[in-house]
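So you can see what is in the structure, the chains are spelled out below.
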2 protein chains.
Amino acid sequence: MVRVGLTTERLTQAGADLADEVGFEHVTVSALARRFDVKVASLYSHLKSSQDLKTKIALLALEELADRAADALAGRSGKDALTAFANVYRDYAREHPGRYAAARLKLDPETAAASAGVRHAQMTRAILRGYDLTEPDQTHAVRMLGSVFHGYVSLELAGGFSHTAVDSQDSWAWILDSLDALLRNGTTL
Amino acid sequence: MVRVGLTTERLTQAGADLADEVGFEHVTVSALARRFDVKVASLYSHLKSSQDLKTKIALLALEELADRAADALAGRSGKDALTAFANVYRDYAREHPGRYAAARLKLDPETAAASAGVRHAQMTRAILRGYDLTEPDQTHAVRMLGSVFHGYVSLELAGGFSHTAVDSQDSWAWILDSLDALLRNGTTL
DNA sequence: CAGTTTGCCTAAAAGAATTAGGCAAATACA
DNA sequence: TGTATTTGCCTAATTCTTTTAGGCAAACTG
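Residues numbered from 1 in each chain as written. Chains lettered and ligands numbered in written order. Predicted model: local features only at pLDDT ≥ 70, side-chain atom pairs only at ≥ 80, totals over all residues. Heavy atoms only, no water.

Labelled according to an unreviewed UniProt entry, chain A appears under the name TetR/AcrR family transcriptional regulator, originating from Microtetraspora malaysiensis.

Rendered as structure tokens:
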């Protein structure tokens, strides 16, 4: 009976990889056990439940995403920062569709408050400091940016933009131009 | 052995109701059978599989949403149309969170092409006719509107906007104002 | 009212989640 | 180094969900 060396971290990582391969909705404790070639019950020393596994994958994805975003924002401001930030989301979702789906999991309020989700909000506000917005407009703008980024990425991932001849990359650039213009003009449009 | 009168339509309807009550991800053939007080196997005369049920709920939701949107658009144009259309999405998602989640299910291309999803795209284009956009800008704008509506609604539903003092309704209005202004100004921002 | 269709059933297999309790490997400690 | 303790992974069992096969009776067809 050789010990494989399971830990919560390794399980979470492998679960995230599994999500990218088969889709987050198909991540299961059984499949994860198979991947480590151990019995299912063995995972329950490290994970409370199937839901717990999903939550841990979500938190991992949020961390990774926040780390990448922080990297991308370093030394940038204005439209440059906006674009870099937006591309982090889009690129991450394309590279890691399962992890991205996990990041969209609805977390209970305490878990969400302790997650990297708060860093995301902070970074969005940091970007908006490059534009001239005061409250409550800044909050409105935070929400708008979050909506556009998440909405675009998730529609694109679902294949929603593959029917038309127009290239998705062009639409993305156009949208970022538009958002930048919008924010520069403040509320006086 | 009294016959309950199961039909695919009744099952789909009840499945949609169930989704609104317990969440689309918790919709199961077993739960649906329980609701009709019949044995699980009985549903398989009307449904091919669990996936089939989910797809049918998704198609139902897309139809309902398109019907509401068509109603809302009748006799409106410009910002009035834009606002009415956007509110249909948001209101539907708030009234029927399970159905809305179902409508976001990834459908295989043929199913999607035969679904009410195409009406949604057509209506979005109809709204944009009230603004002065030519291709490919119109396509970019279609994608942007879709992203914002879907993104906002899904973030709001996930509770993402409940942490701040700023009212979600105000942000929504601000965003619609911004989009209208953006589209009115064309690409010359 | 006989014949056919068909709706809901029982039965059964297989995958997935979860808990309880056990044995052996790793670690601690004398 | 040998013993004691912890702990990692196991077997076993329960429950729930999905899905298929085959049967009987109710509802239409004539």
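Around DNA strand C there are 22 residues in total, and Thr28(A), Arg34(A), Ser50(A), Gly5(B) and Ser42(B) lie nearest to it. Restricting attention to atoms of DNA strand C within 4 Å of the protein, one finds that 67% of them are sugar or phosphate atoms. In this structure, a phosphate oxygen belonging to DNA strand C sits 2.3 Å away from a side-chain N or O atom of Arg34(A). In the environment of DNA strand C, a phosphate oxygen lies 2.7 Å from a nitrogen or oxygen atom belonging to the backbone of Gly5(B). Looking at which element gives the most residues to the surface near DNA strand C, the answer is helix α2 (residues 29-36) of chain A, with three residues. Tallied by class, residues from the surface near DNA strand C come to 10 nonpolar, eight polar and four charged. (Near = heavy atom within 4 Å. Polar contact = N/O pair within 3.5 Å; in protein donor to acceptor, adjacent residues only side chain to side chain. Helix = DSSP H or I, 4+ residues; strand = E, 2+ residues; numbered from the N terminus. Nonpolar A, V, L, I, M, F, W, Y, C, P; charged D, E, K, R; others polar.)

So, on to the UniProt feature "DNA-binding region" (unreviewed entry) in chain A. UniProt records the feature "DNA-binding region" (unreviewed entry) for residues 28-47 of chain A in the present numbering. The straight-line gap between the two end C-alpha atoms of residues 28-47 of chain A is 12 Å; of that span, 40% is helix and 0% is strand. (UniProt positions renumbered as here; feature names shortened; annotations may be inferred.)

Moving on: the relation of the copies chain B and chain A. Once turned by 180° and shifted 0.0 Å along the axis, chain B lies on chain A with an RMSD of 0.1 Å. Given the turn and translation reported, the copies of this chain are related as if by a two-fold rotation axis. The C-alpha atom lying nearest the rotation axis in chain B is that of Gly151(B); the distance is 1.9 Å. (Least-squares fit on C-alpha atoms with pLDDT ≥ 70 in both.)

Residues and elements named next belong to chain A. The omega torsion of the bond from Glu-135 to Pro-136 falls at 0°, within 30 degrees of zero and hence cis. Tracing the backbone shows Pro-136 in the loop between α7 (117-128) and α8 (137-157). The backbone of Asp-37 shows a phi angle near 55°, a positive value even though the residue is not glycine. In this structure Asp-37 comes out as exposed when scored by relative accessible area, which is 72%. (Buried < 20%, exposed > 50% of the residue type's maximum accessible area, 1.4 Å probe, protein only.)

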